Amino acid sequence: MTVPRFNRGFRLRHDTVRDSWVVLAPERLFALDDHAAEVLKLVDGHRTLDEITGLLSQNYQAPAAEIASDVRSMLDDLVTKGAIQL
Amino acid sequence: MIPGPVRVPEPPLALLAELTHRCPLACPYCANPLDLERASAELDTAGWLRVLDEAAALGVLQVHFSGGEPCSRRDLLEIVSRAYANGLYSNLITSGVTLDEPGVARLVAAGLDHVQLSFQDSEIESGDRIGGLRGGHSKKLVAAGLIRAAGLPLTANFVVHRQNLERLPDMLALGERIGASRIEIAHVQYYGWGLVNRAALMPTLAQLEISTDLVERARIAMHGRVTIDYVVPDYHAARPKACMGGWARRIINITPAGLALPCHAAETLPGFVFPSVRTASLQSIWRDNPLFTRFRGTDWMPEPCRSCDNREIDWGGCRCQALALTGDAAVTDPACSLSPDHHLMAEAVADAAGPAPDFVYRRHRTPALVT
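Please read these numbers as outputs of a predicted model, since none were measured by experiment. (Residues numbered from 1 in each chain as written. Chains lettered and ligands numbered in written order. Predicted model: local features only at pLDDT ≥ 70, side-chain atom pairs only at ≥ 80, totals over all residues.)

The next thing to look at is the overall build of chain A. Counting secondary structure elements, chain A contains three helices and five strands. Counting from the amino terminus, helix and strand elements in chain A follow one another as β-β-β-β-α-α-α-β. Over its C-alpha trace chain A gives a radius of gyration of 13 Å, about what one expects of a compact globule, namely 12 Å for 86 residues. Each of the three principal axes of chain A carries a C-alpha extent, and together these read 35 × 25 × 20 Å. Across the 86 residues of chain A, 24% fall into the buried class. Considering only contacts in chain A between residues 6 or more positions apart, those separated by 24 or more positions represent 39%. (Helix = DSSP H or I, 4+ residues; strand = E, 2+ residues; numbered from the N terminus. Rg over C-alpha atoms; globule rule 2.2 N^0.38 Å. Buried ≥ 20, exposed ≤ 12 C-beta atoms within 10 Å, placed from the backbone. Contact = placed C-beta atoms within 7 Å.)

This part is about the packing of helix H2 (residues 76–85) of chain B against helix H3 (residues 101–110) of chain B. Each pair of packed helices can be summarised by the angle the axes make with each other and by the distance between the axes. Residue and element names in this part refer to chain B. Interaxial distance between H2 and H3 falls to 8 Å at its minimum, and their mutual angle equals 25 degrees. It follows that H2 is roughly parallel to H3 by the angle criterion. In this structure, H2 contributes Leu-77, Val-80, Ser-81 and Tyr-84 to the contact, and H3 contributes Arg-106, Leu-107 and Ala-110. For the contact of H2 with H3, the class distribution of residues is five nonpolar, one polar and one charged. (Axes fitted to C-alpha atoms, helices over the stretch in contact; angles between N-to-C directions. Parallel < 35°, antiparallel > 145°, perpendicular 65-115°, else oblique. Nonpolar A, V, L, I, M, F, W, Y, C, P; charged D, E, K, R; others polar.)

What follows deals with the sheet that holds strand E2 (residues 62–66) of chain B. Residue and element names in this part refer to chain B. Reading across from one edge, E7-E6-E5-E4-E3-E2-E1-E8-E9 is the order of the nine strands in this open sheet, with mixed pairing throughout. The strands lining the two open edges of the sheet, one partner per strand, are strand E7 (227–231) and strand E9 (260–261). The sheet contacts of helix H5 (residues 136–149) involve strand E4 (114–119) and strand E5 (154–160), and relative to E4 the element is tilted by about 165 degrees. (Pairing = 2+ DSSP bridges.)

So, on to the packing of helix H2 (residues 49–60) of chain A against helix H3 (residues 64–80) of chain A. Residues and elements named next belong to chain A. Here H2 crosses H3 at 120 degrees, and the two axes come no closer than 9 Å. In this view, H2 runs oblique relative to H3, as classed from their interaxial angle. Like other packed secondary-structure pairs, H2 and H3 cross with a definite hand, here right-handed. Contacts between H2 and H3 involve Ile-52, Thr-53, Gly-54, Leu-56, Ser-57 and Tyr-60 from the former and Ala-64, Ile-67, Ala-68 and Val-71 from the latter. A breakdown of the residues in the contact of H2 with H3 according to their chemical character gives seven nonpolar, three polar and no charged. (Left-handed = near helix turned anticlockwise from the far one by under 90°.)

Taken together, the 18 residues of chain B in the interface contact 14 residues of chain A. Of all the secondary-structure elements, those providing two or more residues to the side of chain B that touches chain A are strand E3 (89–94) and E4 of chain B. Here the side of chain B that touches chain A is built from residues that sort into five nonpolar, 11 polar and two charged.

Residue and element names in this part refer to chain B. Most of strand E1 (residues 14–18) sits out of view: five of its five residues are buried. Of the two faces of E1, the one holding Ala-14, Leu-16 and Glu-18 and the one holding Leu-15 and Ala-17 are both buried throughout. Relative to E2, E1 runs parallel, the two sharing five bridges. What sits directly across from Glu-18, in E2, is Ser-66. Note on the crossover from E1 through helix H1 (residues 45–58) to E2: the handedness is right-handed. Pairing geometry for E1 and strand E8 (residues 251–254), over four bridges, is parallel. Bridging from a neighbouring strand, Leu-16 pairs with Asn-253 of E8. (Right-handed = clockwise from strand over helix to strand, strands pointing away.)

Moving on, we get to the nonpolar core. Leu-15 and Val-63 of chain B are the most contacted members of the largest nonpolar core, which has 115 residues in total. Setting aside chain neighbours within four positions, we find Leu-15 of chain B in contact with Ala-55, Val-60, Val-63, Ile-252 and Ile-254 of chain B. (Core = buried A, V, L, I, M, F, W, Y, C linked by C-beta atoms within 7 Å.)

Glancing now at unusual backbone geometry. Between Gly-67 of chain B and the following residue, Gly-68 of chain B, the backbone shows a cis peptide bond with an omega angle of 5 degrees. Topologically, Gly-68 of chain B is positioned in the loop between E2 and H2. A cis geometry characterises the amide bond from Glu-303 of chain B onward to Pro-304 of chain B, with omega recorded as 5 degrees. Among the structural elements, Pro-304 of chain B can be located in the loop between helix H11 (290–293) and helix H12 (319–326). The residue Gln-61 of chain A is not glycine, and still its phi comes out positive at about 50 degrees. The residue Gln-61 of chain A is located in the loop between H2 and H3 in this model.

Averaged over every residue, the pLDDT of chain B is 93; the share at 70 or more is 96%. For this predicted complex, the interface confidence score (ipTM) comes to 0.92, while the overall pTM stands at 0.94. (pLDDT = per-residue confidence, 0-100.)

Residues and elements named next belong to chain A. Judged by pairing direction, the sheet is antiparallel, and its three strands sit side by side in the order E2-E3-E4 without closing on themselves. Edge positions in the open sheet fall to strand E2 (11–15) and strand E4 (28–31), since each of these has one partner strand only. Geometrically, the sheet is characterised by an average inter-axis angle of 35 degrees between neighbouring strands, direction not taken into account. Direction of pairing for E2 relative to strand E3 (residues 20–25): antiparallel, over a ladder of five bridges. Pairing of Asp-15 across the sheet is with Ser-20, part of E3.

Residues and elements named next belong to chain B. With respect to the helices and strands, the residue Met-222 is situated in the loop between helix H9 (205–221) and E7. C-alpha separation for the pair Met-222 and Glu-176, spaced 46 residues apart in sequence, amounts to 8.9 Å. Discounting chain neighbours no more than four positions away, the residues touching Met-222 are Glu-176 and Ile-228.

This is how it looks when you write it as structure tokens:
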């Protein structure tokens, strides 16, 4: 069972002044588009990857397989950046 | 004349909070100004707490606590706590030599997010000599262990120059060994103390090329495990750096005495009354103060910047470097090969080709004797 979680030193935050979501990181930040923000808001260290995909599939009324592939590649990118562990 | 529309600048993303100039080290390339502030001139606790509140309201997302040595401030925990309460991501930029286990635990409890630990070299003898503190290097190694044991993510910062570049592979290995998830290899920048010591620090072009190649290879070898950031000296470059990401675009700097600056070297610029957070809000300073608006954007630019395709990439380079090398802060940074003053860079590199002079260590100036 894969449970994505943020590594220490990486924080998801809503930027109220600019009304956007960002991941704050050591001496950098990653600006998120709406899709990435919707995924990461569900990353709480408890939900499994399947549960996250399932919720997004419901919300967007899109096929789970398609969502799963998008979510996975987005999370893999953040794994490479050190922000997320799977 | 019809006034143009009032332009509201994008808010800053980061606050560089130079809490103090006090420091146990005396590095000869310190980014602090030559005239160091004394403890008695420092902004008080309430002042810093207000700065953090105002910074968060303005749109700042990250705060870098720097110095001097920020751990020299007795109220550091209170200040870090306030950053946390404001949702700010906090980064402690420290020499590490005064950190102990309870101190690190208290910083974690206060909500600190990340530590950047400075190293002067990969080995004791040279590290202690460059930092000007006997025993300093060993204390840094202990501090790194404490930081990682507390679970804090760590950046190992190595400032490199002609007197330590040959050990760059050892520095990269040391960074990885102490558990840094990020390693910063920063060539000395030549302002303030660095400019005073330029001939003792400037690498040759060959040294620079070897170091760049080593960093590129280490990036590939450590991909996915360690992020390596690399800061080059622009004396050998064809294009200037986008200093501070552009003047008054992304970062606001507060000095120990509470002056607000677009960059930490801006106090060298003549003809400005430097705004103080003691008498003005961060918002009004960022938006309206002449020091901030003077070089913001592209309207101020002379040729060759004004018509250059790179003008919104490098933002004309560095104002303080233009001033330091040409005497005029409003000209193209001489680091640019298109600058009519570009020959100054090659001349400085040639000057540094001889034997390295002794360091002028960073110290508080002795007050002049009254006679």
